[in-house]
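As a plain string of letters, each chain reads:
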Number of protein chains: 2
Amino acid sequence: MRTPADNAQLALLLEVAGTPKPGNVDRHREYDDLRFEHFLAGSVGAGAGLRAAETDASVGAAFEECVEGMSQQGGGNTQFGCLLNLVPLVRAAAAERLSPTGVREVCRRTTVADACGFYRAFDHVDVAVGDPPADLDVPDVRRGADAVDEIRERGLTLWDLMELSAPHDGNAREWTDGFPRSFSVADGVLDGEGTATERAARAFLELLAGEPDSLVAVQHGPAAARDVRARAAAVGTDLDAAAELADEFVAEGINPGTTADLTAAALFVALERGWEV
Amino acid sequence: MRTPADNAQLALLLEVAGTPKPGNVDRHREYDDLRFEHFLAGSVGAGAGLRAAETDASVGAAFEECVEGMSQQGGGNTQFGCLLNLVPLVRAAAAERLSPTGVREVCRRTTVADACGFYRAFDHVDVAVGDPPADLDVPDVRRGADAVDEIRERGLTLWDLMELSAPHDGNAREWTDGFPRSFSVADGVLDGEGTATERAARAFLELLAGEPDSLVAVQHGPAAARDVRARAAAVGTDLDAAAELADEFVAEGINPGTTADLTAAALFVALERGWEV
């Protein structure tokens, strides 16, 4: 039997193998400097941290270990956001509490030490984040471990950080809301048809059509993120049309990374709920 | 830092991702009943057994655990032979003795209990093996755990079994000879050019051109295996020509599985020797 950490690792692999996943690296598409193999190595490297998340290690420490291991490859940041989502989900699953309420409780109980682990994780890899919004009163994550003293002085927990970031970030919203989109899309994966890589692609398309992608908003602005969402909604789950959209997004430099993070979370939930690959 | 077990898992993933790999599942090719995703799940499932191989667990017990975990997916046997090669290599690497002499010593020290673990592993998955050759005086592996009593009575070690099988089986030859082909091809991976999946494909092509594949010999006869070797030699490491050969082999039902097993071993050695993905 695969453990929750195994299922999280498999979710990372199925996420990147899912094709076509417009704008992201998939089984058939990659960029010169960010290739499929980097995601394979990232998935393997994250293993020890994911296994730590099954135990009493703090969420922040497990996440930092995941990111440090993930970063041991030449492509840079491959799965930072995926791991941010997977760590509390693995913890909830290991405690046999994998439900929106159960994982929200894991997140809500995170501490100041967890917030420090989260900031330290940014030192291991170059994460694509923009300038913090003017109304977001938390230390710039790009400061990494240098922000730890301020986090401690202000007594900010990881939950606090995610709650403050939720208006701007799709992963933070999922984190503080009990992963509603991940659980919902997981049902579609379980009930869906086709191979595992097709189901992963449809999960991605469903999530992309649901809400504007945060990373696209950071990199290209909110209007572009709304446009991407609308174009994904027009495609639906038609994989041939999605392949055309993938060519367009690559040409336009559109990379809906947050949607990939949520896809990994949805695939994990599906695997834990009995999806047989 | 990735541990030897991590590198073995990554070798499994890079092996299947390597493309084009004529006749085998790769990043761009699969069969209806044996798909890319089954190899991803097999790699994850083997993780606990590979980690056991880093410790004092016996080679046979670690191998059986690998195979049991690998088999938890819908494609049947994905990586039995790969794991047979990787387990002693992981053990040697964990003891900082990853050399032909070091791994041969690990293999030579295997016991009757290891042989029993090897036979039990056949109960977890349907391995493509033919009738044993008339001159091979060992219990039919297809008997699985039922053969354990006979193995014990005759005092056969896993080394004994591999030595007896070496004339008929490329993996057994590699096992008893100190993995000479794996170490040699690993040098080419380290010194080669191109992406990781291209290097994996070239490693496969070099091995396929080197000796007739044992699985092709079992499934199609020794003449077919010699023909496959010659055609691979004509292609060399030209990946465009290899893609054409891949189409031919799929049409002919040619599946050089033993060569994939050796490729995984070569990729593992390259990773342990500093190949940066």
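Everything discussed here concerns the structure shown above.
This report concerns the structure included in the present document. (Residues numbered from 1 in each chain as written. Chains lettered and ligands numbered in written order. Predicted model: local features only at pLDDT ≥ 70, side-chain atom pairs only at ≥ 80, totals over all residues. Heavy atoms only, no water.)

To continue, consider the overall build of chain A. On a plain count of helices and strands, chain A comes out with 16 helices and 0 strands. What you see for chain A is a C-alpha radius of gyration of 17 Å, in line with the 19 Å of a compact globule of 277 residues. Counting over 277 residues, chain A shows a buried share of 59%. Considering only intrachain contacts with a sequence separation of at least 6, the fraction spanning at least 24 residues in chain A is 70%. Entry remark: accessible area of chain A is about 10,300 Å², with carbon and sulfur atoms responsible for 46%. (Helix = DSSP H or I, 4+ residues; strand = E, 2+ residues; numbered from the N terminus. Rg over C-alpha atoms; globule rule 2.2 N^0.38 Å. Buried < 20%, exposed > 50% of the residue type's maximum accessible area, 1.4 Å probe, protein only. Contact = heavy atoms within 4.5 Å. Areas by Shrake-Rupley, 256 points an atom, 1.4 Å probe, with all protein chains shown as cover.)

One pass over the full model with this rule turns up 34 salt bridges over all chains. One continuous salt-bridge network, built from bridges that share partners, spans A:Asp137, A:Arg143, A:Glu150 and A:Arg154. (Salt bridge = Lys/Arg side-chain N within 4 Å of Asp/Glu carboxyl O.)

Turning next to the relation of the copies chain B and chain A. When chain B is fitted onto chain A, the two copies agree to an RMSD of 0.0 Å after a turn of 180° and an axial shift of 0.0 Å. Viewed as a symmetry operation, the transformation between the two copies matches a two-fold axis. A share of 100% of interface residues in chain B that are also interface residues in chain A marks the association as one of identical surfaces. (Least-squares fit on C-alpha atoms with pLDDT ≥ 70 in both.)

For B:Glu15, the location among the structural elements is in helix H1 (residues 4-17). Not counting residues within four places of it along the chain, the set of residues in contact with B:Glu15 comprises B:Lys21, B:Ala260, B:Thr263, B:Ala264 and B:Leu267.

In this section: the interface of chain B and chain A. Taken together, the contacts link 28 residues of chain B with 28 residues of chain A. Both sides of the chain B and chain A interface together cover about 2,400 Å² of buried area, and 58% of this is carbon and sulfur. Where chain B touches chain A, the interface holds 2 salt bridges. Notably, a salt bridge pairs B:Arg27 with A:Glu30, separated by 3.0 Å at the nearest N-O pair. Between the two partners, chain B and chain A, sit 12 residue pairs in polar contact (both at pLDDT 80 or more). For the side of chain B that touches chain A, the elements supplying multiple residues, two or more each, are H1, helix H2 (36-45) and helix H12 (196-210) of chain B. Residues that form the side of chain B that touches chain A fall into these classes: 11 nonpolar, 8 polar and 9 charged. (Buried area = accessible area lost by both parts, 1.4 Å probe. Polar contact = N/O pair within 3.5 Å; in protein donor to acceptor, adjacent residues only side chain to side chain. Nonpolar A, V, L, I, M, F, W, Y, C, P; charged D, E, K, R; others polar.)

Any two aromatic rings considered together are summarised by their centre-to-centre distance and by the angle between their planes. In the structure shown here, the tally under the stated rule is 13 aromatic pairs over all chains. Pairing A:Phe36 with B:Phe36 gives two aromatic rings, centres 6.1 Å apart and planes at 40°, and the pair type is tilted. Of the two residues, A:Phe36 is situated in helix H2 (residues 36-45) and B:Phe36 in helix H2; the pairing between them involves two chains. In this structure, A:Phe36 and B:Phe36 share a single accessibility class: buried. Pairing B:Phe80 with B:Phe122 gives two aromatic rings, centres 4.6 Å apart and planes at 50°, and the pair type is tilted. Separated by 42 residues along the polypeptide, B:Phe80 in helix H5 (residues 80-94) and B:Phe122 in the loop between helix H7 (112-121) and helix H8 (148-154) bring together distant segments of the chain. You'll find B:Phe80 and B:Phe122 in the same group, each marked buried. These aromatic residues form a ring-pair network of at least three members: A:Phe63, A:Phe80, A:Phe118, A:Tyr119 and A:Phe122. (Phe/Tyr/Trp six-rings, centres within 6.5 Å; stacked < 30°, edge-to-face > 60°.)

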